Every structure is written in C-alpha cells, then in structure tokens.
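Below, each chain spelled out in residue letters.
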Amino acid sequence: MDRNLRTLGLHTRRALTKFYLDIAEDLPLFGGGFIRDLQEIRKRDRRDSRKLLEDSRRPSGAELSYLGFRLMKLFPAEEYDTLLGGLRRLFPASPFGPDQLDRLRSSAPSLFHGGWSLIGTLVREDKWLGVMNKKVAPELPEEVKYVDIIVHKLLPSAVALSIDVALADSATSKLNELQNRMYLPVTTLSRFTPWKGYRTGMSHAPAEWSMEEKMLRWQRTLHADVWSCVRARLFGFFGDSATQDGSFPIIDCFAVVGVPDGDGEIHTRVGSLHKWLESTTVLPGPSGLDKYTRGELMFVREQLRDNRLSTSYRFVEFHTVQPEPDPTKQQGFAALRDELDAALPYICFIAALRQIAEQVETLRLRVYKRLSGARLFGRSFRFEMKLNDKVQREAMFVSRVSMELIDALPHLKRNSAVLRGLTEKLDRDHPERELLDDLDGTLSFRLRQVKRHLRLISKVFDAYISRRNVRLMYSLQRQVWVLTFIATLAAVASILTNWGQLRQIIAAVFRR
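These numbers come from a predicted model, not from an experiment.

Caption draft 1: Structural view of a nonpolar patch on the surface. A grouping of Val 482, Leu 483, Phe 485, Ile 486 and Leu 489 is seen on the molecular surface, where their side chains present a nonpolar patch of about 510 Å² in accessible area. Its place among the elements puts Ile 486 in helix H12 (residues 435–497). Note on Ile 486: relative accessible area 48%, which makes it partly exposed.

In structure tokens, the structure reads:
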C-alpha cells in the first residue's frame, strides 16, 4: 500500500513537472527566476533528445526482427487437474481417438515420465493449413501470427505451461517506429508547488531511460495481451495475482542482420551496432556481463530493477547477411525451439523460487514479530494457525522440489546440452563461464537459501505454536476447574435454599 502511494506521488510530481516545463517552453524567454530555470532545463532536454536520436540510428545495412516470445508458468502436482481441465475446454477431445492431452493426462502423475506435448495452436484467422488442433482466436493482438500451447513435464510433481508466440512483421515495424521517436529526459521536482527550493529538490533521468521505458512498456503490454487472451480462453483459469501483474518468466527472441564480417567473436563484431541495439532494448549495456555467446547466437539474462522496468530473458541471432530460406529446416522463431526448451526448466524453477523467496521475506518478518512479543495471550490464535499453515505449505513445496531436483539435475543437464558453448566473455583476468553452469549455480543457490530460511521459520514457529497450545490447554483446564467449582457452589446454595423441603422428604422416606 505504501509503495503504491509512493509510486502514485512520483507519477503525479512527474506529470506536474512536465506541465510546468511545457508552459515555460511556450513563454517568451525570461531574464531570470524560476521560469528561466525551467526554460533552460527544457532547452537542455531538447539538446539531449536530438543527440540520442542521432547516436541511436540504425547503421546502414542492419535490420532487426522481433521473432516472438515464450511465456511460462510452473504448476505443482496438486493443480494438474485444474490445468488439464482448462486445456480440455480450450481444445475439445478428438473424435478419432486419444490426442496429446489424453496422453498427457495418463502420464502426468507418473514418477518417471517426462517430455513435452504440443496441446494446440491459437490463430487469428482460419487460414493456417496443416495445423493440427487449431483454435481461432480473433482477439489476439494483430502483431501475433500464431500461439502454440505446450505442456512440459519437468519433475514428477511439476509441469510447466509454455505459450510460444510467433510474431508478424508488424511487431518489428512497431518496435522500429518506437525507436525512431524523439524522447525527452524526465525531470521531477520534489514539490507539487516548487516555487522555492526547487534547485535542491530535483531529479533528472536521461533520455535513454525514457526511450527504454517506452519500448519495454510496449513489449510488456504485448506479453500481457497474449496472456490475457489465453487466460480468458481457459475460462478464467489464470486468475491468480501472480499472473495478473505480469510476474511470469518470459524469453523474447530477436534476429539481427548486418553484423560486420570478421574472425572475431560475435560480442566484439557487434560493437559497431551496440548503441543501436541498446536503444532497441535488445541488448543491455556494453559490458560482457549477463551476455552469453556461441557462434552467432547470444543469450541475455533478465535484469531485475527496482527503479526502472525490468527486462526479460532474450535469445538473439546475429547474421552477416540475410540467411536463405531452407524448406528442410525450421525458420525464424520456430528455429529456436530447442534452445527455448533447454532453458525452460532452469528459468521456471528460478522464477518460482524467487517468488517463494519474496513470500518467505514477508513470512519471516511476520513470524519474527510474533515471536518477539513477551505476551502469549491477547493475540489471535486463528491468525497464527493460518500463518503456520502458509509456512508449512511453502516448506513442503520447496522440500518436494529440492528432493526431485537432486534426482533430476543430471537428466536436466543432459536435456539442456544444446546450451553448451554459450559462454560469458569477461576480461583477461576472468575465465569464461558457461551459461548452463551459471543457471545451475543460480538455481542451487536460490534453492539452498530458501530451504534454510523456511526450515528455520518452520522450526521456531512450530515450537512457538506448541507452547501456545500447551498454555491454552492449561488455561482451558483452569477454566474447567473454575466452572466446576462455580457449579458446585450453585448446587450447594440450591440445597441450602430448599433445605426445609428436602428435610421433610428425607423424613417421609425414613418413616416408610
């Protein structure tokens, strides 16, 4: 809540600052004061904007293509029926015998079966011949060619749903159109009425950030539109908050033509194109960090940032000249299917563990605050039981994934061998690092850290709940003794009140 309010306040100040700068720019040139300072700021912003436009122009002979992207989500075993039921509603059963979904339903509970299944394809128009189990979805964005719905069996208790989106040329045109615009730097004044002290309460973001935010926001909107279409087609199955805010792993795929020919590595040959590719958000900064290359293929790791939009994972193909179409091989986005499948298990598990880690951080603070109080009573025991249940659920999922991953890691590495050779080039003092080794190390580190914190939280909170339970039992026993004593007093008082009548009854009995 506080973060949302801060974000709203920041956007409001930015909008007001832009309003002040627009007005000051339209006014005649002032000789000094607040208006003159605003006019100087806007003049500097215009100069920086023109320089960015000049520096980020596409080099002659170079072309960029936005091939497509893959959306992914991990599902635990207890959600299999819901997942398969939603997919069956989207793609009805075939009258000619079992289909891929039927085969998946029979093998999903198995401890040993793995692999992937293409469930069906969504298309905007019914003109795709030869596509098996297709479904027309005219509400798909116009930049989309088709959408493949694929289920991957990763572990005995975990499957991943991947939504492979092949894009039309209009997506590339939109990306180039956004890159050709002029973008102003973003100046933000710290006050809503900054007539005094504005010089010390001002922040400035460069024009490069404005361009990047605009292009990343368009890509994120395209991702979300496809995800929303699929979610709606599955009748609201994806209704959880994790998917609504876009926090699912994504791999974007691009192709670049026009790389200078030479004998050097691709990360050095692409140097003359880097400013342009950086402005299109295809590549991060000029350093070698988080970029893994092999031949003419590059993999870029996601960048998670707090004060700016995060970037997704990326596969980028580089070519000196446009490759000739080969009817015997997959083209464009489909040609990267093997690499996408090899990276999917690691990326899905890393993303799942990151989300669990964020929940663990919240749970950890709530548990520690509960344990830090001296009083055991005056608190909601029901709330504490719910909190303990949540801790146990997360611990059970992590323990289960950890056990299965230990057994499955050799198998995952063998299936991900297509990623071998993708290495990160740093400098002379640091050896090359394999992408597969880095992904494996990241996954192992996150799993180890989450397990340790969950184990600690679960242990101390279990002990706390046990103490609360014992105290409550003793309290209930004392209350029972008090109620018994009160009932005894009430019975004695009743006897004493009616003692005369009781004595007559006893005397009559004895006379008989």
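Moving on from the model shown.
Caption draft 2: Summary view of the nonpolar core. In terms of nonpolar packing, the biggest core is built from 58 residues, with Tyr 66, Phe 69, Leu 87, Val 147, Ile 163, Val 256 and Phe 318 touching the most fellow members. Ranked by residues supplied to this core, first place goes to helix H6 (residues 207–233) with nine residues. Leaving out residues up to four positions away in the same chain, Leu 87 has contacts with Leu 101, Ile 119, Ile 149, Val 151, Leu 161 and Leu 234. Counting residues in each nonpolar core, the second largest holds 50 residues, with Tyr 346, Ala 408, Leu 435 and Val 450 among its members.

Caption draft 3: Layout of the pairing of strand S1 (residues 63–76). Where burial is concerned, most of S1 is hidden: twelve out of the 14 residues are buried. Taken together, the eight bridges between S1 and strand S8 (residues 250–257) define a ladder with antiparallel strand orientation. Pairing of Ser 65 across the sheet is with Ala 255, part of S8. By the bridge criterion, nine bridges tie S1 to strand S5 (residues 158–167) in an arrangement that is antiparallel. The residue bridging Leu 74 from the neighbouring strand is Ala 160, located in S5.

Caption draft 4: Spatial organisation of the packing of aromatic side chains. Evaluation of the coordinates by the stated rule reveals six aromatic pairs. Geometrically, the ring pair formed by Tyr 66 and Phe 254 is stacked, given 4.7 Å between the ring centres and 15° between the ring planes. Of this pair, Tyr 66 sits in strand S1 while Phe 254 is found in strand S8, placing the two residues 188 residues apart along the sequence. Consider the rings of Trp 227 and Phe 248, whose centres lie 4.3 Å apart with planes at 20°: the pair is stacked. On the criterion of sequence distance, the pair formed by Trp 227 in helix H6 and Phe 248 in the loop between helix H7 (241–244) and S8 is long-range, its members being 21 residues apart. For Trp 227, a relative accessible area of 2% gives the class buried. Ring-pair connections join several aromatic residues into one group, and the members of that group are Tyr 66, Trp 218 and Phe 254.

Caption draft 5: The environment of Ser 272, seen in detail. Checked against the element boundaries, Ser 272 lands in the loop between helix H8 (266–269) and helix H9 (274–279). Placed twelve residues apart in sequence, Ser 272 and Pro 260 show a C-alpha to C-alpha distance of 8.2 Å. For Ser 272, the contacting residues outside a window of four places in its chain are Pro 59 and Pro 260.

Caption draft 6: Region of the structure containing the sheet that holds S5. Ordered by their spatial adjacency, eleven strands build an open sheet running S3-S2-S4-S5-S1-S8-S11-S10-S9-S12-S13, and the pairing between neighbours is mixed. Single-partner strands in this sheet number two, and they are strand S3 (134–136) and strand S13 (433–434). Direction of pairing for strand S9 (residues 291–294) relative to strand S12 (residues 423–424): antiparallel, over a ladder of two bridges. Directly across from Tyr 292, in S12, lies its bridge partner Glu 424. The sheet contacts of helix H3 (residues 80–90) involve S1, strand S2 (115–123), S3, strand S4 (144–155) and S5, and relative to S5 the element is tilted by about 35°. Across the face of the sheet, helix H5 (residues 169–179) comes into contact with S1, S5 and S8 while running at roughly 110° to S1.

Caption draft 7: Up close: unusual backbone geometry. Backbone geometry at Thr 281 places phi at a positive 70°, although glycine is not the residue there. Looking at the secondary structure, you find Thr 281 in the loop between H9 and S9.

Caption draft 8: Examining the pairing of strand S11 (residues 313–319) more closely. Burial analysis of S11 places seven of its seven residues in the buried class, the great majority of the element. Here S11 shows no split at all, with Tyr 313, Phe 315, Glu 317 and His 319 on one side and Arg 314, Val 316 and Phe 318 on the other all buried. Pairing geometry for S8 and S11, over seven bridges, is parallel. For Ile 251, the partnering residue across the bridge sits in S11 and is Tyr 313. Looking at chain direction, strand S10 (residues 297–300) and S11 are connected through four bridges and run antiparallel. For Met 298, the partnering residue across the bridge sits in S11 and is Val 316.

Basis of the calculations
Residues numbered from 1 in each chain as written. Predicted model: local features only at pLDDT ≥ 70, side-chain atom pairs only at ≥ 80, totals over all residues. Heavy atoms only, no water. Patch = residues over 30% accessible without salt bridge, like charges linked within 9 Å, V, L, I, M, F, W, Y side chains within 5 Å. Areas by Shrake-Rupley, 256 points an atom, 1.4 Å probe, with all protein chains shown as cover. Salt bridge = Lys/Arg side-chain N within 4 Å of Asp/Glu carboxyl O. Helix = DSSP H or I, 4+ residues; strand = E, 2+ residues; numbered from the N terminus. Buried < 20%, exposed > 50% of the residue type's maximum accessible area, 1.4 Å probe, protein only. Core = buried A, V, L, I, M, F, W, Y, C linked by side-chain atoms within 4.5 Å. Contact = heavy atoms within 4.5 Å. Pairing = 2+ DSSP bridges. Phe/Tyr/Trp six-rings, centres within 6.5 Å; stacked < 30°, edge-to-face > 60°. Axes fitted to C-alpha atoms, helices over the stretch in contact; angles between N-to-C directions.

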